[in-house]
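These are the residues of each chain, in order.
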Amino acid sequence: MQEKTESSIKQFETMQKSGVINSFESLKKENSQLQRIIKDMTLLVTYTSIEPMVKFIISRIIDYFVPETLVFLINEPRSNKIHQYFYKQLQKTDSCLNNEIFSILKDYFDSNLHYYLNGEAIPFEKLLDNIEKSIFPENFLSIEAKYIIPLIGIGGTCGIVILGNKITGQKYDSSEIYYMKSMFSVFSISLQNEMNYRTSITDPKTGLYTYDYFVKRIQEQIAKARRYHSTAALLMLDIDHFKNFNDTYGHLAGDKVLIEIAKTLMSSVRTEDCVGRFGGEEFIILLSECKEDSIFHVAERIRKTVEKLEVIENNNKLKVTVSIGGCQILGNSVETPKTVIKRIDDALYQSKANGRNRSTIV
């Protein structure tokens, strides 16, 4: 027995000296890392909207790597708006970087797409070999970025991730860099897909949902009303005398009004509600869980909010009013998107016929 034990010890010592034990440990660690990547990737692709997708990957980066600073810069399609997610000492903050940072890095990566991989963690110091440090604003340099990670889609760079040093002071090892490369490459594809989908169902001028998408949402609400007896309502708004407004002040001023009204409508409803652009100057709102006796009050609140809205054009304060028609979505067997739209259209006509700048519910 003793001889067998001594033989096992010698065998172990031989394996240890040869490096086999270290290889086993390394393989075990790599296998564990691979399993974690597969698990997290599987979860990541289940998200179908940008906000929870971003929150998920941020939570993983913070939990695994505890960076001093983590910043996501994501470019909204069809606009120059940059959405920022800024974390400092593991906590979300109200801090934000100058949007110029995104432009500088996007221009660089778009000009050198053949040098960098999507989701690759690139040392910031290495980038400074090709980009003048002096062009970066001070509030960016102060966060002491360790890695810059480009999120590259079909149309070029759609996002930038900035990763600071670890709070612990430790360096990022090769397996951690590999994890980030794997996750961010999948994240950027998911992000691009969601952006493209959102672009396909929204109006380019106002960012509101399109007619076709909105009709599908109405159909869904009709089905819910039939099955669960849920209550929902529709409102249709039309800008009063909008043609005369355009003729007087020009189409650029008219576009400003459309955009400002769209923003006003979005801020006037709940997250679960839906706002769309139905025509040139027509808007439509789907109010979920809105009982019949509340429809008029909601419509009037929105009408009065728009009435107070001021748009500045050539130092002039321009104002408009809207007429509103509304109705409840029914769950009966004959209800269709067409029948609902017909009712709110009739209600809207009554508001116009009775002097405009008023609400009518049928």
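These numbers were taken from a predicted model, which means no experiment stands behind them. (Residues numbered from 1 in each chain as written. Predicted model: local features only at pLDDT ≥ 70, side-chain atom pairs only at ≥ 80, totals over all residues. Heavy atoms only, no water.)

> Is there a simple way to explain the overall build of the chain in this structure?
What the chain contains, in helices and strands, is 12 helices and 13 strands. Taken along the three principal axes of its C-alpha coordinates, the chain extends 105 × 55 × 35 Å. Counting every position in the chain, which comprises 362 residues, the buried fraction comes to 45%. If you take every contact in the chain between residues at least 6 apart in sequence, the share linking residues at least 24 apart comes to 66%. As displayed, the chain has an accessible area near 19900 Å², and 51% of this comes from carbon and sulfur atoms. In the chain, the 45 positive side-chain charges and the 45 negative ones have mean positions that sit 4 Å from each other. (Helix = DSSP H or I, 4+ residues; strand = E, 2+ residues; numbered from the N terminus. Buried < 20%, exposed > 50% of the residue type's maximum accessible area, 1.4 Å probe, protein only. Contact = heavy atoms within 4.5 Å. Areas by Shrake-Rupley, 256 points an atom, 1.4 Å probe, with all protein chains shown as cover. Lys, Arg positive; Asp, Glu negative; His and termini not counted. Charge placed at Lys NZ, Arg CZ, Asp CG, Glu CD.)

> Before we go on, may I ask you to explain the pattern of salt bridges in this structure?
Side chains that differ in sign of charge can pair as their charged atoms come close. Tallied over the full model, the rule gives 18 salt bridges. When the shortest N-O distance is used, the salt bridge between Glu-176 and Lys-166 registers 2.9 Å. Pair noted here: Glu-176 is in helix α7 (residues 174–200) and Lys-166 is in the loop between β6 (156–164) and α7, with a separation of 10 residues, a long-range link. Comparing Glu-176 with Lys-166, the two get one shared label, buried. Among the salt bridges present, the one from Glu-335 reaches Arg-343, with a minimum N-O distance of 2.8 Å. Glu-335 sits in the buried class, given a relative accessible area of 3%. (Salt bridge = Lys/Arg side-chain N within 4 Å of Asp/Glu carboxyl O.)

> Mind showing me how you'd approach the nonpolar core here?
The nonpolar side chains of a soluble globular protein tend to be buried with one another. Residues Ile-61, Leu-70, Phe-72, Met-180, Phe-184 and Phe-187 are the most contacted members of the largest nonpolar core, which totals 32 residues. Only α2 (20–44), α3 (50–65), β1 (69–75), β2 (82–88), β5 (145–153), β6 and α7 provide two or more residues apiece to this core. Ranked by the residues each element gives to this core, the list is headed by α3, at 9 residues. Beyond its immediate sequence surroundings of up to four residues, Leu-70 is in contact with Ile-58, Ile-61, Ile-62, Tyr-85, Phe-86, Tyr-87, Val-161, Ile-162 and Leu-163. (Core = buried A, V, L, I, M, F, W, Y, C linked by side-chain atoms within 4.5 Å.)

> Is there a simple way to explain helix α8 (residues 211–228) in this structure?
Given 3.6 residues per turn, any residue in an α-helix points the same way as the ones three and four places further on. For α8, with 18 residues, the first-to-last C-alpha span of 25 Å sits near the 26 Å given by 1.5 Å per residue. Taken together, the buried positions of α8 are Tyr-213, Phe-214, Arg-217, Ile-218, Gln-221, Ile-222 and Ala-225. Packing partners of the buried residues in α8 comprise α7, β7 (232–239), β8 (274–277), β9 (282–288) and α12 (337–353). A positive backbone phi angle near 60° is found at His-229, which sits one or two residues after α8. (Expected span 1.5 Å × (residues − 1).)

> Looking at this structure, how should I read the side chain of Lys-166?
Classification of Lys-166 by relative accessible area gives buried; the value is 7%. Within the structure, Lys-166 has its side chain in polar contact with the side chain of Glu-176 (distance 2.9 Å). Contacts of Lys-166, omitting those with residues within four sequence positions, involve Phe-65, Val-66, Pro-67, Glu-68, Lys-171, Tyr-172 and Glu-176. (Polar contact = N/O pair within 3.5 Å; in protein donor to acceptor, adjacent residues only side chain to side chain.)

> Would you mind showing me how to read the environment of Leu-286 here?
Among the structural elements, Leu-286 can be located in strand β9. In sequence terms Leu-286 and Ile-259 are 27 residues apart; their C-alpha atoms lie 19 Å from each other. Sequence-distant contacts of Leu-286, that is, excluding residues within four places in its chain, are made with Phe-214, Arg-217, Gln-221, Ala-233, Leu-234, Asp-273, Cys-274 and Ile-329.

> Before we go on, may I ask you to explain the packing of aromatic side chains in this structure?
Two aromatic rings are characterised by how far apart their centres lie and by the angle between their planes. Inspection of the entire model under this criterion finds 20 aromatic pairs. Aromatic pair Tyr-147 and Tyr-172: ring centres 5.5 Å apart, planes at 75°, arrangement edge-to-face. Residue Tyr-147 is located in strand β5, and its partner Tyr-172 is located in the loop between β6 and α7; the two are separated by 25 residues in the primary sequence. Tyr-172 gets classed as buried once you look at its relative accessible area, which sits at 10%. (Phe/Tyr/Trp six-rings, centres within 6.5 Å; stacked < 30°, edge-to-face > 60°.)

> Is there a simple way to explain the sheet that holds β1 in this structure?
The strands making up a sheet are joined through hydrogen bonds of the backbone, oriented either antiparallel or parallel. In space, the 6 strands of this open sheet follow the order β3-β2-β1-β6-β5-β4, with antiparallel pairing throughout. The sheet is open, and its two borders are formed by β3 (91–92) and β4 (122–123), each paired with just one other strand. In this structure, β2 lies alongside β3, joined through 2 bridges in antiparallel fashion. Across the sheet, Lys-88 pairs through a bridge with Gln-91, a residue of β3. Contacts from helix α4 (residues 100–111) reach β1, β2, β4, β5 and β6, with the element oriented near 120° to β6. (Pairing = 2+ DSSP bridges. Axes fitted to C-alpha atoms, helices over the stretch in contact; angles between N-to-C directions.)

> Help me understand unusual backbone geometry in this model?
Most peptide bonds take the trans form, and the phi angle of most residues other than glycine is negative. The backbone of Gln-89 sits at a positive phi, close to 55°, despite the residue not being glycine. Here Gln-89 shows up in the loop between β2 and β3. Positioned with a positive phi, Arg-356 is a non-glycine residue whose angle comes to about 65°. Mapped onto the elements, Arg-356 comes out in the loop between α12 and β13 (359–361).

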